[in-house]
Amino acid sequence: MSGTAVALVLNATYEPLCVVPGRRAAVLVLTEKAVPVSEGDGLLRSSSTLMVLPAVVRLTRFVRVPFRPHVTLTRRAVFARDGGRCVYCGHSASTIDHVLPRSRGGHHTWDNVVAACGRCNHVKADRMLTELGWRLRQPPTAPTGVAWRVLGHRTPDPRWLNWLGLPEQESA
Ligand SMILES: [Zn+2]
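As the structure is a prediction and not an experimental result, all values here were calculated from the model. (Residues numbered from 1 in each chain as written. Predicted model: local features only at pLDDT ≥ 70, side-chain atom pairs only at ≥ 80, totals over all residues. Heavy atoms only, no water.)

A.B. asks: Please provide a residue-by-residue account of the packing of aromatic side chains, values included.
C.D. replies: For the coordinates displayed, the defined rule picks out 1 aromatic pair. Judged by centre distance (5.1 Å) and plane angle (45°), the ring pair of Tyr88 and Trp134 falls under tilted. Placement of the pair is Tyr88 in the loop between helix H2 (75-81) and strand S5 (95-98) and Trp134 in the loop between helix H4 (129-132) and helix H5 (147-151), with a sequence separation of 46 residues. Residue Trp134 is classed as partly exposed on the basis of its relative accessible area of 25%. (Phe/Tyr/Trp six-rings, centres within 6.5 Å; stacked < 30°, edge-to-face > 60°. Helix = DSSP H or I, 4+ residues; strand = E, 2+ residues; numbered from the N terminus. Buried < 20%, exposed > 50% of the residue type's maximum accessible area, 1.4 Å probe, protein only.)

A.B. asks: An account of the side chain of Asp82 is requested, with residue identities and associated values reported.
C.D. replies: If you trace the backbone, Asp82 turns up in the loop between H2 and S5. Contact partners of Asp82, with chain neighbours within four places excluded, come to Val87, Val114 and Ala115. (Contact = heavy atoms within 4.5 Å.)

A.B. asks: I'd like a rundown of a nonpolar patch on the surface, residues and numbers included.
C.D. replies: Among the surface-exposed residues, Leu43, Leu50 and Val52 lie close enough to one another that they form a single nonpolar patch of about 250 Å² accessible area. With respect to the secondary-structure elements, Val52 resides in strand S4 (residues 50-59). (Patch = residues over 30% accessible without salt bridge, like charges linked within 9 Å, V, L, I, M, F, W, Y side chains within 5 Å. Areas by Shrake-Rupley, 256 points an atom, 1.4 Å probe, with all protein chains shown as cover. Salt bridge = Lys/Arg side-chain N within 4 Å of Asp/Glu carboxyl O.)

A.B. asks: Mind laying out the coordination of the zinc ion, listing which residues take part and the relevant values?
C.D. replies: Every protein donor of the zinc ion is accounted for by Cys86 (SG), Cys89 (SG), Cys117 (SG) and Cys120 (SG), and the metal-donor separations fall at 2.3 Å. Given 4 donor atoms and angles of 103 to 116° at the metal, the environment of the zinc ion is assigned as tetrahedral. Each donor residue of the zinc ion belongs to the same chain, and together they define the spacing C-x2-C-x27-C-x2-C. Taken together, the residues Cys89 in the loop between H2 and S5 and Cys117 in the loop between strand S6 (113-116) and helix H3 (118-124) connect sequence positions 28 residues apart. On the basis of relative accessibility, which here comes to 36%, the residue Cys89 falls in the partly exposed class. (Donors = N, O, S within 2.8 Å, 3.2 Å for Na, K, Ca; no water. Tetrahedral: all angles 85-135°; square planar, octahedral: opposite > 155°, others 65-115°.)

A.B. asks: Can you explain the sheet that holds strand S1 (residues 6-10)? Please cite residues and give values.
C.D. replies: Consider a sheet: its strands pair through backbone hydrogen bonds, and that pairing is either parallel or antiparallel. Strands sit in the order S2-S1-S4-S3 across an open sheet of 4 strands; the sheet is mixed. Looking at strand neighbours, the two that pair on one side only are strand S2 (16-21) and strand S3 (34-45), the edges of this open sheet. Along the sheet, successive strands turn relative to each other by an average axial angle of 30°, direction set aside. Sheet topology places S1 next to S2; 5 bridges connect them, and they run antiparallel. Directly across from Leu8, in S2, lies its bridge partner Val19. This element, helix H1 (residues 22-30), spans S1, S2, S3 and S4 of the sheet and lies at about 80° to S4. (Pairing = 2+ DSSP bridges. Axes fitted to C-alpha atoms, helices over the stretch in contact; angles between N-to-C directions.)

See the structure below:
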C-alpha cells in the first residue's frame, strides 16, 4: 500500500467518527485516548517507541458529535450509497447519472443522482426513464448516518468496512 497511512477513528460506542493520519491515530493510542482495533501498514518510530500504525482505533471515552444533517454529494458517496452497482441494470457502476437529465431541468442532488454503468448511461443519454420504459427499484435518497462523513471523500480501507455498515462494494 502506498501513500500516507490513515486510520479510521471509532467512537467509544464503535460508531465511525472520522479519518485521521496514521501517526495521529498512533499518538491517540500512546496517550491512551484510544485503543487499537485493527493494525495497518507502516511503523511509528521514535527514540522510545516502535509500533505498527493502526488502521482502526476506538476512543476510550465517548465524544458527542454535533449532528450533521447534510452529507456532501460526491461521486464516491453516490457509489457507496448504491453499493457500487448500476441502479438500472445491477452491473458494476463506473459513472454517475442524473435520473432526470440536467438538460431537462434535473438537479445535482441526492434524489436525482445515481450510480450507473457506462452502457446504461450511454443508452439513457438525455432521455427520461418513462421514455425508455426503465424503472428504479427504489427512488434515490440522501444517505444518513455517521459513516457517510468518512465515505464522501475517500475509498475506504477494506479493514474499515466492518465498522462502516455499508452495502457490499463491487470491486471495479
Ligand atoms: Zn447499467
